[in-house]
Amino acid sequence: MKRYLPFIIIAVVFLGALGAGLALYRSARNPSPVASTPTPEQTPNMFESYSPHARGGNNAPITLEEYGDYQCPPCGGLAPVLKNVEAEYGQRVRFVFRQYPLPIHPHALIAAQAAEAAGLQGRFWEMHDRLYENQSKWSGEIDPRPLYINYARDIGLDVDRFINDMNAQQVKSRVASDRLRGNSVGVTGTPTLFINGRMLRPEAMSPEGIRTAIDMMMGKPGK
């Protein structure tokens, strides 16, 4: 038996390599726009103390979840694409936004806090849209808060409350909670999109790629 052991080991290694090669070949021929990653549903429910910011169909078969940074240029470029997707799919898609401010962007954290402060007055999405639409204006400011205050006034907020809430612990905790949740599901940069809990591959993050992924999910049983 010892005499044949080296041949057995070589055969096992060869078969394993052959199987891996076939799997890679099939993957290359049939690339999926979504990656197999830990999903929010597979992680502990420790980040759900806050209801997510969501718009679209409450019972939509598709949930599109973004982890974004308001000062991130690619996020700013993606924002109108996602609005077009929302308009196109209507109540068939539920869109969720999570805060993921990156340390490399000096105003990203305070921008996230501004959006959350507006959310305490029921105007999260209005501030969310203003921040992305005006990204090029406030990103270059030394202190962008006066512009955020103008946006708050424009969308009808109680400005004094908004100013106080931007630095409130509740707002800071919510932003931190989103970041921790993102880390737990493999988010490392922005924008990161999940479709029904599965991460969209970076190369598929285009209008066509997003539509392809949504349509693929809609075609699956139970989706």
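Now for a description of the structure that goes with this document.

The rules we used
- Residues numbered from 1 in each chain as written.
- Predicted model: local features only at pLDDT ≥ 70, side-chain atom pairs only at ≥ 80, totals over all residues.
- Heavy atoms only, no water.
- Helix = DSSP H or I, 4+ residues; strand = E, 2+ residues; numbered from the N terminus.
- Buried < 20%, exposed > 50% of the residue type's maximum accessible area, 1.4 Å probe, protein only.
- Contact = heavy atoms within 4.5 Å.
- Areas by Shrake-Rupley, 256 points an atom, 1.4 Å probe, with all protein chains shown as cover.
- Salt bridge = Lys/Arg side-chain N within 4 Å of Asp/Glu carboxyl O.
- Phe/Tyr/Trp six-rings, centres within 6.5 Å; stacked < 30°, edge-to-face > 60°.
- Core = buried A, V, L, I, M, F, W, Y, C linked by side-chain atoms within 4.5 Å.
- Polar contact = N/O pair within 3.5 Å; in protein donor to acceptor, adjacent residues only side chain to side chain.
- Pairing = 2+ DSSP bridges.
- Right-handed = clockwise from strand over helix to strand, strands pointing away.

## With respect to the overall build of the protein
Logical step 1: Per the secondary structure count, the protein includes nine helices and six strands.
Logical step 2: Every one of the 223 residues in the protein was classed for burial, and the buried ones make up 44%.
Logical step 3: Within the protein, contacts between residues separated by at least 24 positions form 79% of all contacts whose residues are at least 6 apart in sequence.
Logical step 4: For the protein, the accessible area works out to roughly 12,000 Å², and carbon and sulfur atoms hold 57% of it.

## Focus: unusual backbone geometry
Logical step 1: Residue Pro191 follows Thr190 across a cis peptide bond; omega there is -5 degrees.
Logical step 2: Along the chain, Pro191 falls in the loop between helix 8 (169-184) and strand 5 (192-195).

## Considerations on the pattern of salt bridges
Logical step 1: Under the counting rule described, the total for this entry stands at 11 salt bridges.
Logical step 2: Put simply, Arg55 and Glu86 hold a salt bridge, and the shortest N to O gap is 2.9 Å. Taken together, the positions of Arg55 in strand 2 (residues 53-56) and Glu86 in helix 2 (residues 73-89) put the pair 31 residues apart, joining distant regions of the chain. As far as burial versus exposure is concerned, Arg55 and Glu86 are alike and both buried.
Logical step 3: Through salt bridges with shared partners, one network takes in Arg55, Lys83, Glu86 and Asp129.

## Examining the packing of aromatic side chains
Logical step 1: Enumeration according to the criterion identifies nine aromatic pairs in this entry.
Logical step 2: Taking 5.1 Å as the distance between ring centres and 80 degrees as the angle between the ring planes, the aromatic pair formed by Phe124 and Trp125 counts as edge-to-face. The residues Phe124 and Trp125 share a single accessibility class, namely buried.
Logical step 3: Each residue in the set Tyr70, Phe95, Phe97, Phe124, Trp125 and Tyr132 is aromatic and connected to the rest through ring pairs, giving one cluster.

## Topic: the nonpolar core
Logical step 1: One finds Tyr70, Met127, Leu131, Tyr148, Phe162 and Ile210 to be the most contacted residues of the largest nonpolar core, which totals 43 residues.
Logical step 2: Of the residues forming this core, the biggest block, seven residues, is contributed by helix 2.
Logical step 3: If you look at the next biggest cluster of nonpolar residues, it comprises seven residues, including Tyr100, Val185, Phe194 and Met199.

## Concerning the environment of Asp143
Logical step 1: Following the sequence through the fold, Asp143 ends up in the loop between helix 5 (135-138) and helix 6 (145-154).
Logical step 2: With a relative accessible area of 33%, Asp143 lands in the partly exposed category.
Logical step 3: The spacing of Asp143 and His107 is 36 residues in sequence and 8.2 Å in space, taken between C-alpha atoms.
Logical step 4: In this structure the side chain of Asp143 is engaged in a polar contact, spanning 3.0 Å, whose partner is the side chain of Arg145.

## Some thoughts on the pairing of strand 3 (residues 62-68)
Logical step 1: A large share of strand 3 lies buried, amounting to six of its seven residues.
Logical step 2: With seven bridges joining them, strand 3 and strand 4 (residues 93-99) adopt parallel strand pairing. For Leu64, the partnering residue across the bridge sits in strand 4 and is Phe95.
Logical step 3: Following the backbone out of strand 3, through helix 2 and into the adjacent parallel strand 4, one traces a crossover that is right-handed.
Logical step 4: In this structure, strand 3 lies alongside strand 5, joined through four bridges in antiparallel fashion. In the strand pairing of strand 5, Tyr67 is matched with Thr192.

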